[in-house]
Amino acid sequence: MLNYNIKGTEVPITDELRGYVEKKLAHAEKFLHGDTTTHVDIELEHQQLRHGDKHRAEFTVSVAGTVYRAGRWAESLHGAIDLAIDEITAELSRDKEKRVHMVRRSASKIKDYLRGWRDKV
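The rules behind the values
Residues numbered from 1 in each chain as written. Predicted model: local features only at pLDDT ≥ 70, side-chain atom pairs only at ≥ 80, totals over all residues. Heavy atoms only, no water. Core = buried A, V, L, I, M, F, W, Y, C linked by side-chain atoms within 4.5 Å. Buried < 20%, exposed > 50% of the residue type's maximum accessible area, 1.4 Å probe, protein only. Helix = DSSP H or I, 4+ residues; strand = E, 2+ residues; numbered from the N terminus. Contact = heavy atoms within 4.5 Å. Salt bridge = Lys/Arg side-chain N within 4 Å of Asp/Glu carboxyl O. Polar contact = N/O pair within 3.5 Å; in protein donor to acceptor, adjacent residues only side chain to side chain.

In summary, soluble globular proteins display a tendency toward joint burial of nonpolar side chains. Leu25, Val40, Ile42, Leu44, Phe59 and Ile81 are the most contacted members of the largest nonpolar core, which has 28 residues in total. Among the elements of the structure, strand E1 (3-9), helix H1 (15-29), strand E2 (39-49), strand E3 (52-63), strand E4 (66-74) and helix H2 (77-120) are those that each provide at least two residues to this core. In terms of residue count, H2 provides more of this core than any other element does, 7 residues in total. Setting aside residues no more than four positions away along its own chain, Val40 makes contact with Leu2, Asn3, Tyr4, Asn5, Leu25, Phe59, Thr60 and Val61.

Laid out in structure tokens, this is it:
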């Protein structure tokens, strides 16, 4: 399970809201490859504007010295959480794909080097 803090600005943090955020964070957790140093800060905000209420969800994920951040506004708090978690999941997925690509490319170069060395012997 992730280490996380939830902060609410003009939003009471209920058990239902905490459970909803935990459920959504489970989708992003698969990209963190079980890193125990991962810390997630979640900030939820409600603002009353002239043209209606707006809600903001902001996620900040710190993993091994790298910080990922996503924040979104929506008409409902659950909608803002959904949009922000989709953004942070896409960012984590993109980073994981880059790391996997680098490892595979490096392994390919090592294999090519060894094949060339084997042919010389």
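The subject of this paragraph is the pattern of salt bridges. Within the structure shown, the criterion is met by 8 salt bridges. With its nearest N and O atoms 2.7 Å apart, the salt bridge here joins Arg56 to Glu45. One end of the pair, Arg56, is in strand E3; the other, Glu45, is in strand E2, with 11 residues separating them in the sequence. By relative accessible area, Glu45 is classed as buried at 12%. Its salt-bridge partner being Glu58, residue Arg69 comes within 3.0 Å of it at the nearest N-O pair. Of this pair, Arg69 sits in strand E4 while Glu58 sits in strand E3, and the two are 11 residues apart along the sequence. You can call Glu58 buried: its relative accessible area is 14%. Salt bridges here are not isolated pairs; linked through shared partners, they connect Glu43, Glu45, Arg56, Glu58 and Arg69.

Topologically, Thr38 is positioned in the loop between H1 and E2. Dropping the residues within four chain positions of it, Thr38 is found in contact with Leu2, Asn3, Leu32, Val61, Ser62 and Val63.

Another point: the environment of Asp95. Along the polypeptide, Asp95 turns up in helix H2. It is 9.9 Å that separates the C-alpha atoms of Asp95 and Tyr68, two residues lying 27 residues apart in sequence. Of note is the side chain of Asp95, whose polar atom sits 2.5 Å from the side chain of Tyr68.

What follows deals with the environment of Thr66. The topology assignment puts Thr66 in strand E4. Judged by relative accessible area, which is 36%, Thr66 ranks as partly exposed. Considering only alpha carbons, one finds Thr66 and Thr38, 28 residues apart in sequence, at a separation of 9.7 Å.

The quantities given are spatial measurements derived from coordinates; they are silent on function.
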